[in-house]
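Summary of the model geometry
One-letter residues, chain by chain:
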Amino acid sequence: MSQYKIIFTGPVGVGKTTAIQSISDVPPIKTDAAAGDMTKARKSETTVAMDYGIMHLDDGEKIHLYGTPGQERFDFMWDILSVGGLGLVLLLDNTCADPFQDMKFFLDSFADTSVAIGITQMDLSGTPTVAENQGNGAQRSDDF
Ligand SMILES: Nc1nc2c(ncn2[C@@H]2O[C@H](COP(=O)(O)OP(=O)(O)OP(=O)(O)O)[C@@H](O)[C@H]2O)c(=O)[nH]1
Ligand SMILES: [Mg+2]
């Protein structure tokens, strides 16, 4: 039986834990703890180690879903979680002042892997548009 690993990453509060919780076929494992710093202004809890879930495909294949912490002070987990990954889902928050800066930062931090980019909070902010996001992501040929 084939098994794959996909890593979800992106800035604090973009929705990594929520995304894995939404698509996992098993109750996800979360490591959220009370946020005690700037993050607290946005939400009460933040991931401190990882999220984990599983998607079962029809042919018996399994996709292991790993979510990183968003806070940069836990970036030592990013490398650990990335080992053996098929690719990366990079989530960007459309309500951020400059989501393209986050895009560049995370693409630089997770070099040498295939990336799919998802934009969250588009219900709260319609800009940048999907086309504008695609234009900025085109700096790496394997994106989108
Ligand atoms: N309105 C709106 N809310 C969203 C969307 N995506 C996620 N959220 C909400 O935004 C919050 C995101 O929280 P988390 O899933 O904990 O974010 P995270 O990326 O895991 O954050 P860290 O672990 O702190 O890095 C949750 O309250 C979600 O319900 C979206 O597209 N629109
Ligand atoms: Mg989280």
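So, a few notes on the structure that sits alongside this text.

Basis of the calculations
- Residues numbered from 1 in each chain as written.
- Chains lettered and ligands numbered in written order.
- Predicted model: local features only at pLDDT ≥ 70, side-chain atom pairs only at ≥ 80, totals over all residues.
- Heavy atoms only, no water.
- Donors = N, O, S within 2.8 Å, 3.2 Å for Na, K, Ca; no water.
- Helix = DSSP H or I, 4+ residues; strand = E, 2+ residues; numbered from the N terminus.
- Buried < 20%, exposed > 50% of the residue type's maximum accessible area, 1.4 Å probe, protein only.
- 1 Å grid on protein atoms, 1.4 Å probe; cavity = no way out; pocket = protein on both sides within 12 Å on 5 of 7 lines; lining within 4 Å.
- Points joined across faces, edges and corners; volume = space filled by probe spheres on them.
- Nonpolar A, V, L, I, M, F, W, Y, C, P; charged D, E, K, R; others polar.
- Near = heavy atom within 4 Å.
- Polar contact = N/O pair within 3.5 Å; in protein donor to acceptor, adjacent residues only side chain to side chain.
- Areas by Shrake-Rupley, 256 points an atom, 1.4 Å probe, with all protein chains shown as cover.

Thoughts on the coordination of the magnesium ion (ligand 2)
Tetrahedral coordination by four donors sets the ideal angle at the metal to 109.5 degrees; octahedral coordination by six donors sets it to 90 or 180 degrees. Here the magnesium ion (ligand 2) is held by Thr17 (OG1) and Thr47 (OG1), and the distances to it run 2.1 Å. On the criterion of sequence distance, the pair formed by Thr17 in helix H1 (residues 16-23) and Thr47 in strand S3 (residues 45-47) is long-range, its members being 30 residues apart. With a relative accessible area of 5%, Thr47 lands in the buried category.

Here we look at the layout of surface pockets
Approximately 210 Å³ is the volume found for the second largest pocket. Lys16, Thr17, Thr18, Asp32 and Lys43 are the residues nearest the centre of the second largest pocket, which is lined by 15 residues in total. For the lining of the second largest pocket, the secondary structure elements donating two or more residues are H1 and S3. Among the elements that line the lining of the second largest pocket, the one with the most residues is H1, at four residues. Taken together, the residues that form the lining of the second largest pocket break down as two nonpolar, eight polar and five charged.

Quick look at the environment of His64
When you line up the elements, His64 lands in strand S5 (residues 62-67). Sequence-wise, His64 and Ile6 are 58 residues apart; in three dimensions their C-alpha atoms are separated by 6.3 Å.

Regarding the site of ligand 1
Looking at ligand 1, there are 16 residues lining it, with Lys16, Thr18, Lys43, Thr46 and Gln121 nearest. Between Lys16 and ligand 1, the recorded distance is 2.8 Å, taken from a side-chain N or O atom to an oxygen atom. A distance of 2.9 Å separates an oxygen atom of ligand 1 from a polar atom in the side chain of Thr47. Contact with the protein chains removes 71% of the 670 Å² of surface that ligand 1 exposes when unbound.

Taken by themselves, the reported measurements are silent on function.
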